[in-house]
Amino acid sequence: MDRGTEIVFGYEVTGGDYLYLLQQGGGSLSVLYPPSGLAWLNADAGKGKITPMDPSARPEDEALPAWNPEHSGELTFILVAAPAPRDVAPDAQTTSVATFLKPPPYVTGPAAGLAVELDRVTVTFADGDPAPPGDSPAPPP
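Further remarks concern the packing of aromatic side chains. Under the criterion given, the structure shown has 1 aromatic pair. Between the aromatic rings of Y20 and F100, the centroid separation amounts to 5.2 Å while the plane-to-plane angle is 80 degrees, which identifies the pairing as edge-to-face. Residue Y20 is located in strand β2 (residues 17–25), and its partner F100 is located in helix α1 (residues 97–101); the two are separated by 80 residues in the primary sequence. Each member of the pair, Y20 together with F100, is buried.

By the definition in use, this model includes 1 salt bridge. Here R120 makes a salt bridge to E117, at a shortest N to O gap of 2.8 Å. In this structure R120 comes out as partly exposed when scored by relative accessible area, which is 39%.

This paragraph deals with the environment of Y18. Mapped onto the fold, Y18 is located in strand β2. Spatially, the C-alpha atom of Y18 lies 5.9 Å from that of P85, the residues being 67 residues apart in sequence. Setting aside chain neighbours within four positions, we find Y18 in contact with A39, W40, L41, V80, A81, A82, P83, A84 and P85.

A few words on the side chain of S30. Structurally, S30 is set in strand β3 (residues 28–33). Exposure remark for S30: the relative accessible area of 9% places this residue in the buried category. Those residues in contact with S30 that sit more than four places away from it in its chain are L21, L22, Q23, A92 and Q93.

Glancing now at the nonpolar core. If you look at the biggest cluster of nonpolar residues, it comprises 15 residues, and the most contacted ones within it are Y11, L19, L21, W40, I50 and F77. Every element with two or more residues in this core is listed here: β1 (9–13), β2, β3, β6 (73–82) and β7 (116–125). Considering every element that reaches this core, the biggest residue donor is β6, with 4 residues. In this structure L19 touches Y11, V13, Y33, P34, W40, N42, V80, A81 and L118, once residues within four positions along its chain are discounted. Grouped together as the second largest cluster of nonpolar side chains are 11 residues, Y20, L29, I78 and V80 included.

Moving on to the pairing of β6. Burial analysis of β6 places 8 of its 10 residues in the buried class, which makes it a mostly covered element. Pairing geometry for β6 and β7, over 9 bridges, is antiparallel. Each residue of the ladder has a partner; that of T76, found in β7, is T122.

A separate point is the confidence of the model for the chain. Mean pLDDT over the chain works out to 75, with 65% of the residues at or above the 70 mark. Per-residue pLDDT stays below 50 along residues 130–141; that stretch engages in 0 contacts with residues further than four places along the chain or on separate chains.

Our next topic: the pairing of β2. Alignment of β2 against strand β4 (residues 41–42), held across 2 bridges, turns out to be antiparallel. Its bridge partner being in β4, Y18 is matched across the sheet by L41. Here β2 runs beside β6; their pairing, made up of 7 bridges, is antiparallel. Counterpart to L21 in the pairing with β6 is L79. One ladder, built from 5 bridges, connects β2 with β3; its direction is antiparallel. For L22, the partnering residue across the bridge sits in β3 and is V31.

What counts, and at which threshold
- Residues numbered from 1 in each chain as written.
- Predicted model: local features only at pLDDT ≥ 70, side-chain atom pairs only at ≥ 80, totals over all residues.
- Heavy atoms only, no water.
- Phe/Tyr/Trp six-rings, centres within 6.5 Å; stacked < 30°, edge-to-face > 60°.
- Helix = DSSP H or I, 4+ residues; strand = E, 2+ residues; numbered from the N terminus.
- Buried < 20%, exposed > 50% of the residue type's maximum accessible area, 1.4 Å probe, protein only.
- Salt bridge = Lys/Arg side-chain N within 4 Å of Asp/Glu carboxyl O.
- Contact = heavy atoms within 4.5 Å.
- Core = buried A, V, L, I, M, F, W, Y, C linked by side-chain atoms within 4.5 Å.
- Pairing = 2+ DSSP bridges.
- pLDDT = per-residue confidence, 0-100.

Pasting the structure below:
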């Protein structure tokens, strides 16, 4: 897939959990959504769309209509549902999926359960080849 391709992630879940979209690739694992410091609670069952935001986004910022990966290569996207919010570092990095699935140490009771990996997809992004001169479509009249 061309790295310039705009992407929107869709999801379908069955109930009220905190949802996270992780990105694994290039030797790192990061939380793409929600932005650092925010908790994204899916209060009801249903379908929706996720558009990742810049890690420096604030709660009042709106998401762009689509997203582009920062680099080429193989990226794995992992959708996680957690019964309690997870701590996300300011740089959005996390050490491993297994660590992210563990409950925070300050949570007790039913919310102290493990998070669940809902879905995982791997995509290979490539830098687009520039069109040869003269192959560009003509501008509209």
